[in-house]
Amino acid sequence: MRNLHTQHMLHIQLHGSDPAIWRRIEVDGSMTLARFHHVLRAALGWTDSHLHLYMDRNPFLINSVEEHARTVTWLMANSIEEGLEGEDETGTTLSKALARAGGTLWYEYDLGDSWMHLITQESSRARNPAEPEAQVLDGAMRVPVEDCGGLGGWYRLLEMRQAETLEPEQQEMLQWFTSGIGHFTPVDPEAFDVGEANMLIGLALEGIPPTGTVVGTWLSGLPIYLRPPFASALYKVGVDVFAPPGPPVMPEEAPAAMASIRWWINACTGEGLALTAAGYLSPAVLQTVIGGIGWENEWVVEFGGKTEVNVRSVLRFRRALMDLGLLKAQGRKLVATPAGVRVAKDPAKLWAHLVKRAHPSMRDEAVYDATMLGLIATAGSTESDLETVHRHIRQGMELIGYGYADGSPLEAYRYHPVGERWSAISKAFRMAVLKDGNTARAVDLERAFALDILRS
């Protein structure tokens, strides 16, 4: 059958931007203008939080009633329902609109701030069905943050970032810009990445990423407007939300970091470790464990914790290893499982087991979301302090909508708890390779572990 579809190469520029904010894209001309909007907003970086429209004539040169009468405007269906005059964008293809406009369209996003874009057709050809429906080829600069008051407001914000002194109103505006917009990564006006733009186009056209992966399953459960910012955060740390699961890659320092986990397994192989009638390690056994895993400097131990109930970090560690399928209670003994014995002999297999079983549980929605946010923050942060990760978890939870019952936001020092499996393993890594494992992060090791989980 003859291919009747046309592939258009288009240049899109945000009118009035200096330096120019622009994209060059290839797109199937058979899509409707309504669908093309999703390509545009994803390629540019808009959030789809506002109304939009198309015009076939330059809106800045329409000066007479006659010219207005000849102008064709394509509107969203709900805009027409609300009384605006124009044609329904769902009934016109991109190819037809370009032909009607002579190869030049105007696209307005947010009818308040009025972000006006000039779309210029550079070339057209027969479309190869194997090609993507739409893809970005090139571009420059990020679009302004939304609701900042148009280009004038955007450039004032950028000037404020460089100012040494600010008025109270300016300080409030700048605080909104710096803390309420750039979740996980700062707002960089010069940033643009073709790969990220194409990932966002895929998300816009497909709706959800594949659900057979850790990140795909999580994103699919979020409201649709939250998927792009979190998909971008994942992209920035090196995770493609459309990629199939990848094999874990154990870093060189992992065997040493897993020494305490292997100690537990080996100590529980054969006779095992004795448990009390209540299911806890006895004080004598607890001291053996603390020495064996090298946690003499763990802060609760240093404060004189004598029983497993008091040394909660060791108790959480032990229970996490049971939850991971490495240890189990058998009568009044703590013993290694067959899987634990098997993987303890091979560091690469143990690493792969931890990655596979450390997936955040979906049983508690808040803990699930906090764990995913923590993994993203851990994979992306090069800071050695734990507070950096906690801050990003809090920011992400606020973006999702978590807060106090009265609607007030979480304080800066508050963050939701993360899953015990990942939390316990991360602490075990820190305690094994750092002198200050109570307060610092094993940055490279934890980043590698978080990335392997996110890519699985």
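Residues numbered from 1 in each chain as written. Predicted model: local features only at pLDDT ≥ 70, side-chain atom pairs only at ≥ 80, totals over all residues. Heavy atoms only, no water.

Quick word on the overall build of the protein chain
Scanning the protein chain for helices and strands turns up 20 helices and eleven strands. Buried positions account for 46% of the 456 residues belonging to the protein chain. Put simply, of all contacts in the protein chain between residues at least 6 apart along the chain, 67% involve residues at least 24 apart. (Helix = DSSP H or I, 4+ residues; strand = E, 2+ residues; numbered from the N terminus. Buried < 20%, exposed > 50% of the residue type's maximum accessible area, 1.4 Å probe, protein only. Contact = heavy atoms within 4.5 Å.)

Some points on the sheet that holds strand β4 (residues 73-75)
On the basis of which strands lie adjacent, the open sheet formed by eight strands has the order β5-β4-β3-β6-β7-β1-β2-β8 and mixed pairing. Among the strands making up the open sheet, the edge pair consists of β5 (87-88) and β8 (134-140). For β4 and β5, the ladder comprises two bridges, and the chain directions are parallel. Across the sheet, residue Leu75 finds its bridge partner in β5, namely Asp88. (Pairing = 2+ DSSP bridges.)

Side note on the pairing of strand β7 (residues 115-126)
Pairing geometry for strand β1 (residues 6-14) and β7, over nine bridges, is antiparallel. Its bridge partner being in β7, Gln13 is matched across the sheet by Leu118. Where strand β6 (residues 104-109) meets β7, six bridges bridge the pair, whose relative direction is antiparallel. Paired with Glu108 across the strands is Met116, a residue of β7. Remark: five residues form the turn of the hairpin made by β6 and β7, two consecutive strands paired antiparallel; Asp110 in that turn has positive phi of roughly 65°.

Section: unusual backbone geometry
Each neighbour pair has its own omega, and for Asp18 with Pro19 the value is 5°, a cis peptide bond. Topologically, Pro19 is positioned in the loop between β1 and β2 (22-28). Positive phi values are uncommon outside glycine, yet Asp48 reaches one of about 65°. Topologically, Asp48 is positioned in the loop between α1 (33-44) and β3 (52-55).

Thoughts on the pattern of salt bridges
A side chain with one charge may pair with a side chain of the opposite charge, provided their charged atoms come close. Throughout the structure, instances matching the rule amount to twelve salt bridges. Its salt-bridge partner being Glu26, residue Arg125 comes within 3.1 Å of it at the nearest N-O pair. Note that Arg125 is positioned in strand β7 and Glu26 in strand β2, a separation of 99 residues in sequence. When its relative accessible area of 33% is taken as the criterion, Arg125 is described as partly exposed. (Salt bridge = Lys/Arg side-chain N within 4 Å of Asp/Glu carboxyl O.)

Looking at the packing of helix α11 (residues 259-267) against helix α12 (residues 283-293)
Following both chains from N to C, one finds α11 and α12 inclined at 140°, their axes separated by 9 Å at the closest point. The orientation of α11 with respect to α12, classified from their angle, is oblique. Residues Ser260, Trp263 and Trp264 of α11 pack against Thr288, Val289, Gly292 and Ile293 of α12. Classifying every residue of the contact of α11 with α12 by side-chain character gives four nonpolar, three polar and no charged. (Axes fitted to C-alpha atoms, helices over the stretch in contact; angles between N-to-C directions. Parallel < 35°, antiparallel > 145°, perpendicular 65-115°, else oblique. Nonpolar A, V, L, I, M, F, W, Y, C, P; charged D, E, K, R; others polar.)

A word on the confidence of the model for the protein chain
When pLDDT is averaged along the protein chain, the result is 88, and 90% of the positions lie at 70 or above. Here helix α2 (residues 65-70) stands out as the element of the protein chain with the lowest mean pLDDT, 58, in contrast to β2, whose mean of 98 is the highest. (pLDDT = per-residue confidence, 0-100.)

Some thoughts on the nonpolar core
If you look at the biggest cluster of nonpolar residues, it comprises 116 residues, and the most contacted ones within it are Phe36, Trp218, Trp264, Leu354 and Phe449. Ranked by residues supplied to this core, first place goes to helix α17 (residues 365-380) with nine residues. Sequence-distant contacts of Phe449, that is, excluding residues within four places in its chain, are made with Trp351, Leu354, Val355, Ala358, Trp422, Ile425 and Phe429. Leu53, Met55, Leu75 and Trp106 belong to the second largest nonpolar core, which has five residues in total. (Core = buried A, V, L, I, M, F, W, Y, C linked by side-chain atoms within 4.5 Å.)

Here we look at the environment of Ser220
With respect to the helices and strands, Ser220 occurs in helix α8 (residues 214-220). C-alpha separation for the pair Ser220 and Gly207, spaced 13 residues apart in sequence, amounts to 8.6 Å. Residue contacts for Ser220: discarding those within four places in its chain leaves Ile208, Pro209, Thr211 and Arg227. Within polar-contact distance, the side chain of Ser220 engages the backbone oxygen of Gly216 at 2.7 Å. (Polar contact = N/O pair within 3.5 Å; in protein donor to acceptor, adjacent residues only side chain to side chain.)

A look at the packing of aromatic side chains
Counted under the stated rule, the structure contains twelve aromatic pairs. A centroid spacing of 5.1 Å and a plane angle of 25° characterise the contact between Trp46 and Tyr109, whose relative ring orientation is stacked. Within this pair, whereas Trp46 is found in the loop between α1 and β3, its partner Tyr109 is found in strand β6, the two being separated by 63 residues in sequence. Looking at Trp46, the relative accessible area reads 3%, which means it is buried. (Phe/Tyr/Trp six-rings, centres within 6.5 Å; stacked < 30°, edge-to-face > 60°.)

Here we look at α17
In this model α17 runs 23 Å from its N-terminal to its C-terminal C-alpha over 16 residues, within 8% of the 22 Å that 1.5 Å per residue would give. Most of α17 sits out of view: 13 of its 16 residues are buried. A distance of 3.1 Å separates the backbone nitrogen of Ala366 from a side-chain oxygen at the start of α17, and that oxygen is part of Asp364. (Expected span 1.5 Å × (residues − 1).)

Thoughts on the environment of Thr211
Here Thr211 lies in the loop between α7 (194-206) and α8. Between the C-alpha atoms of Thr211 and Phe242, which are 31 residues apart in sequence, the distance is 9.4 Å.

So, the sheet that holds strand β9 (residues 273-274)
With respect to topology, three strands assemble into an open sheet ordered β9-β11-β10, the strand pairing being antiparallel. Looking along the sheet, the strands with just one partner apiece sit at the ends: β9 and β10 (327-330). Docked against the sheet, helix α14 (residues 312-323) engages β10 and β11 (333-336), running at close to 95° with respect to β10.

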